[in-house]
Amino acid sequence: MNHQHSPKLKVCGLIQPDQIKELIAINTDFLGFIFYEKSPRYVLNHLTLEDISKIDHQGKTGVFVNEKIDKVVEIAEKARLNIIQLHGDEDSGFITSLKEKLPEIQIIKVIRISSVISEDKESLLNFKHQFSGSLHPIQNAIDFILFDTDSKGFGGTGHAFDWSILQQLELSKPYFLSGGISEENINETETLHPRPFALDINSKFEIEPGHKDISKIKKFMSVLSIESPNRTT
Ligand SMILES: O=C(O)c1ccccc1N[C@@H]1O[C@H](COP(=O)(O)O)[C@@H](O)[C@H]1O
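Because the structure is predicted, anything quoted here is derived from the model rather than measured.

1. Regarding the overall build of the protein
Across its full length, the protein holds six helices and 10 strands. Scaling as 2.2 N^0.38, a compact globule of 233 residues should have a C-alpha radius of gyration of about 17 Å, and the protein matches this with 17 Å. Expressed along its principal axes, the backbone C-alpha trace of the protein runs to roughly 50 × 40 × 30 Å. Residues counted as buried form 52% of the 233 residues belonging to the protein. Of the contacts formed within the protein by residues at least 6 apart in sequence, a portion of 62% connects residues at least 24 apart.

Here it is, written out as structure tokens:
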């Protein structure tokens, strides 16, 4: 990989304290916790908010899907999250209000990309139009965009979308690339312009949902060769 431009790394869907410690020890940039009850990686089946609050890391990211705003605020405060990832259909009113309630927290807005978009010109045009229209009112409230593959379950599909779509969008925020990222497609991320700020890995690095394959993640990191001065993969 081109080391000079290596993206940061987020490992999502964490539920096991030992694995969280290991990922911190190898300098993982972002740790993702899923607060969506229907996910097989629902963190509150395994850890309490207090457990999460005690994790000493600056990139603790809570993933929410169409959750009530008061619940998001309560969880973010009690778990001492640094970042909120909105993975559902949260609208601009929700996002600007969330930023007002939690001004210190960074917000990632997820854009889910369906395979239909790349199938015909009209769908792509509609998507581009919707994309710029939906981002405009939340420009000041969000810090990052995250692109993921669309699905009924909202995320964790293990499938990549057609990344070439990204080259056609005007991006005013750095973005996380997500959806089926693995050792097999990592090299293709190099051809993307603009380059992703971070890669978000999840189901392709699991033995079962939530149980990560740490040695596979370490290998991925060495391929990625993230330029962190104290990274020890
Ligand atoms: O992983 C889940 O179960 C999940 C459920 C609902 C919303 C988001 C979810 N995970 C997010 O999905 C992407 C991509 O995961 P994958 O690599 O395709 O498995 C990642 O951003 C997770 O945060």
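From this point on, the discussion continues.
2. What to know about the nonpolar core
Formed by 60 residues in total, the largest nonpolar core has its most connected members in Leu-98 and Phe-147. Dropping the residues within four chain positions of it, Leu-98 is found in contact with Ile-69, Val-72, Val-73, Ile-84, Leu-86 and Ile-107. Among the nonpolar cores identified, the runner-up in size contains eight residues, and Phe-30, Ile-108, Val-110 and Leu-146 belong to it.

3. Looking at the confidence of the model for the protein
Per-residue confidence for the protein averages 92 on the pLDDT scale, and 94% of its residues sit at or above 70. The model gives residues 227–233 a pLDDT under 50, and that stretch makes 16 contacts with residues more than four places away or in other chains.

4. Concerning unusual backbone geometry
With an omega dihedral of 0°, the bond running from His-193 to Pro-194 counts as a cis peptide bond. As for its placement among the helices and strands, Pro-194 is situated in the loop between strand E7 (175–177) and strand E8 (198–201). The backbone phi angle of Asn-27 is positive, close to 65°, even though this residue is not glycine. Its location among the elements puts Asn-27 in the loop between helix H1 (17–25) and strand E2 (30–34). Phi angles above zero are rare outside glycine, and Asn-66 is one such case at about 45°. For Asn-66, the location among the structural elements is in the loop between strand E3 (60–64) and helix H3 (69–78). The partly exposed category is assigned to Asn-66, whose relative accessible area is 41%.

5. Section: the site of the ligand
Looking at the ligand, there are 22 residues lining it, with Ser-39, Arg-41, Asp-200, Asn-202 and Ser-203 nearest. Ser-178 places a polar side-chain atom, nitrogen or oxygen, 2.9 Å from an oxygen atom of the ligand. Separating an oxygen atom of the ligand from a side-chain N or O atom of Asp-200 is a distance of 2.6 Å. Taken together, the residues that form the shell around the ligand break down as five nonpolar, 13 polar and four charged.

6. Topic: the UniProt feature "domain: N-(5'phosphoribosyl) anthranilate isomerase (PRAI)" (unreviewed entry) in the protein
Using the residue numbers shown here, the UniProt feature "domain: N-(5'phosphoribosyl) anthranilate isomerase (PRAI)" (unreviewed entry) corresponds to residues 10–221. The span residues 10–221 carries 27% helix and 20% strand; its end-to-end C-alpha distance comes to 11 Å.

7. So, the side chain of Lys-109
Locating Lys-109 in the fold gives a position in strand E5 (residues 106–113). Looking at Lys-109, its side chain comes within polar contact range of the main-chain oxygen of Gly-88, at 3.0 Å. Of note is the side chain of Lys-109, whose polar atom sits 3.1 Å from the side chain of Glu-90. With residues near it in sequence (within four places) discarded, Lys-109 still touches Leu-86, Gly-88, Glu-90, Ile-95, Ile-138, Ile-142, Phe-144, Ile-145 and Leu-146.

8. Some points on the packing of H1 against helix H6 (residues 214–224)
Running from amino to carboxyl end, H1 crosses H6 at an angle of 15°, the nearest separation of the two axes being 11 Å. As judged from the angle between their axes, H1 and H6 are roughly parallel. Note on packing geometry: the crossing formed by H1 with H6 is right-handed. Every residue of H6 that contacts H1 at Gln-19, Glu-22 and Leu-23 is listed here: Ile-214, Ile-217 and Lys-218. Grouping the constituent residues of the contact of H1 with H6 by class yields three nonpolar, one polar and two charged.

Cut-offs used in this document
- Residues numbered from 1 in each chain as written.
- Predicted model: local features only at pLDDT ≥ 70, side-chain atom pairs only at ≥ 80, totals over all residues.
- Heavy atoms only, no water.
- Helix = DSSP H or I, 4+ residues; strand = E, 2+ residues; numbered from the N terminus.
- Rg over C-alpha atoms; globule rule 2.2 N^0.38 Å.
- Buried < 20%, exposed > 50% of the residue type's maximum accessible area, 1.4 Å probe, protein only.
- Contact = heavy atoms within 4.5 Å.
- Core = buried A, V, L, I, M, F, W, Y, C linked by side-chain atoms within 4.5 Å.
- pLDDT = per-residue confidence, 0-100.
- Near = heavy atom within 4 Å.
- Polar contact = N/O pair within 3.5 Å; in protein donor to acceptor, adjacent residues only side chain to side chain.
- Nonpolar A, V, L, I, M, F, W, Y, C, P; charged D, E, K, R; others polar.
- UniProt positions renumbered as here; feature names shortened; annotations may be inferred.
- Axes fitted to C-alpha atoms, helices over the stretch in contact; angles between N-to-C directions.
- Parallel < 35°, antiparallel > 145°, perpendicular 65-115°, else oblique.
- Left-handed = near helix turned anticlockwise from the far one by under 90°.

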